[in-house]
Amino acid sequence: LVVANDADLRMGSGDFTIEWWQYQTDSNAFPRVFSMGTYPSANIGVSLEGGVFYFWAGGSAIGFSPGTFKNQWVHFAVSRSSGTLRAFKNGTQIGSIANSTNFSESVNSLTIGNELSLSADASFGGYLTNFHWVKGTALYTGAFTPPKTPISPVANTKLLLLATTSGSVSSDSSGLN
């Protein structure tokens, strides 16, 4: 899924949250959950390579060890609050690092389930839902209980893809359309 570049998707250097539920079944070399740009120079993105959760920040990979995540439903979230980037799996923090990257990609579109230069190795195989893009708010800064019901838009939600059926895969539930 490709979402046209828009100022609402540019996180800048402030707080943000990106979260989603996934059920990954593939054995692709470097599946991308999402990206803006093409690796290794993607401005922002997540890939799952060799059992490592990589958050891409301004062309640099930040790796976290998430433990088991394939062939099961898993909630992932990345948030930044006051210059600290945190990654979570099922509400448990899997890592944190100081980060002040200015996520200001103004050319490349947001690609979900692959990267801008589409490839089989970068294709995410499985299911993604409740993909939530929140600009300006760090929803998670410590351990939390992942949502058990479909995510609802909150203040600063810029994109929300619930994908409850194949027909709603590209329907934005944020209210921004």
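Above this text you will find the structure in question.
Everything numeric here is computed off the predicted structure, so don't read it as measured data.

### Description of the pattern of salt bridges
Link 1 in the chain: Inspection of the entire model under this criterion finds three salt bridges.
Link 2 in the chain: With a closest N to O distance of 2.8 Å, Glu49 and Arg32 form a salt bridge. With a gap of 17 residues between them, Glu49 in strand E4 (residues 44-49) and Arg32 in strand E3 (residues 32-36) connect regions that are remote in the sequence.
Link 3 in the chain: Arg32 is paired through a salt bridge with Glu115; the nearest N and O atoms lie 3.3 Å apart. You can see Arg32 sitting in strand E3 and its partner Glu115 sitting in the loop between strand E10 (110-112) and strand E11 (126-135), a full 83 residues away along the chain.
Link 4 in the chain: Residue classification places Arg32 among the buried residues on the basis of a relative accessible area of 4%.
Link 5 in the chain: Linked through salt bridges whose partners overlap, the residues forming this network are Arg32, Glu49 and Glu115.

### Observations concerning the pairing of strand E7 (residues 73-81)
Successive residues of a regular strand alternate their side chains across the two faces of the sheet.
Link 1 in the chain: Burial analysis of E7 places eight of its nine residues in the buried class, the great majority of the element.
Link 2 in the chain: Judged from the eight bridges that link them, strand E2 (residues 16-24) and E7 form a sheet pairing that is antiparallel. Looking at E7, one finds that Tyr23 is bridged to Trp73.
Link 3 in the chain: Across six bridges, the pairing between E7 and strand E8 (residues 84-89) is antiparallel. Considered in E8, the bridge of Val78 is made with Ala87.
Link 4 in the chain: Connecting E7 to the next strand, E8, in antiparallel fashion are two residues, including Ser82 with a positive phi near 50°.

### Focus on the sheet that holds strand E12 (residues 157-161)
Link 1 in the chain: On the basis of which strands lie adjacent, the open sheet formed by six strands has the order E9-E8-E7-E2-E11-E12 and antiparallel pairing. Strands with a single pairing partner mark the edges of an open sheet, and in this sheet they are strand E9 (92-98) and E12. Each strand of the sheet is rotated relative to its neighbour by a mean of 10°, with strand direction disregarded.
Link 2 in the chain: Examined bridge by bridge, E11 and E12 share four bridges and lie antiparallel to one another.

### Focus on the side chain of His132
Link 1 in the chain: Here His132 lies in strand E11.
Link 2 in the chain: Reaching out from His132, the side chain makes a polar contact with the side chain of Thr157 at a distance of 2.8 Å.
Link 3 in the chain: In contact with His132, not counting residues within four places along its chain, are Thr17, Ile18, Glu19, Leu139, Ile151, Ser152, Pro153, Val154, Thr157, Leu159 and Leu160.

### Examining the packing of aromatic side chains
The relative placement of two aromatic rings is captured by the distance of their centres and the angle of their planes.
Link 1 in the chain: Taken as a whole and assessed by the stated rule, the structure comprises 19 aromatic pairs.
Link 2 in the chain: Pairing Phe55 with Phe103 gives two aromatic rings, centres 5.9 Å apart and planes at 80°, and the pair type is edge-to-face. One end of the pair, Phe55, is in strand E5 (residues 52-57); the other, Phe103, is in the loop between E9 and E10, and 48 residues separate them in sequence. Comparing Phe55 with Phe103 shows no difference in burial state: the two are buried.
Link 3 in the chain: Taken together through their ring pairs, the aromatic side chains of Trp20, Phe34, Phe53, Phe69, Phe76, Phe131 and Trp133 make up a single cluster.
Link 4 in the chain: One cation-aromatic arrangement involves Arg32 over Tyr39; the distance from NZ or CZ to the ring centre is 3.5 Å.

Rules used in this analysis
Every chain is numbered independently, its residues counted from 1 as its sequence is written. Residue-level local features of this predicted model are given only where pLDDT is at least 70; pairs of side-chain atoms are given and counted only at 80 or more, and the full residue set underlies all totals for whole chains, interfaces and linings. Hydrogen atoms and water are omitted, and side-chain values are computed over all heavy atoms in the structure. We count a salt bridge whenever a side-chain nitrogen from Lys or Arg sits within 4 Å of a carboxyl oxygen from Asp or Glu. Going along the chain from the N terminus, every DSSP run of H or I of four or more residues is numbered as a helix, and every run of E of two or more is numbered as a strand. Buried means the residue's accessible area, taken with a 1.4 Å probe over protein chains only, is under 20% of the maximum for its type, while exposed means over 50%, and partly exposed covers the values in between. Note: two strands are recorded as paired if DSSP finds a minimum of 2 bridges between them. All axes are obtained by fitting lines to C-alpha atoms, using only the stretch in contact for helices, and the reported angles, taken between N-to-C directions, cover 0 to 180 degrees. The definition of a polar contact used here is a pair of N or O atoms within 3.5 Å, where within protein one atom must be able to donate a hydrogen and the other to accept one, and adjacent residues in sequence count solely through side-chain atom pairs. Whether two residues touch is decided by their heavy atoms; if any such pair falls within 4.5 Å, the residues are in contact. Centre distance within 6.5 Å is the pairing criterion for rings of Phe, Tyr and Trp, where only the six-membered ring of Trp is used; planes under 30 degrees apart are then read as stacked, over 60 as edge-to-face, and the remainder as tilted. Consider the ring centre and the ring normal. A charge sits over the ring if Lys NZ or Arg CZ is within 6 Å of that centre and within 35 degrees of that normal.

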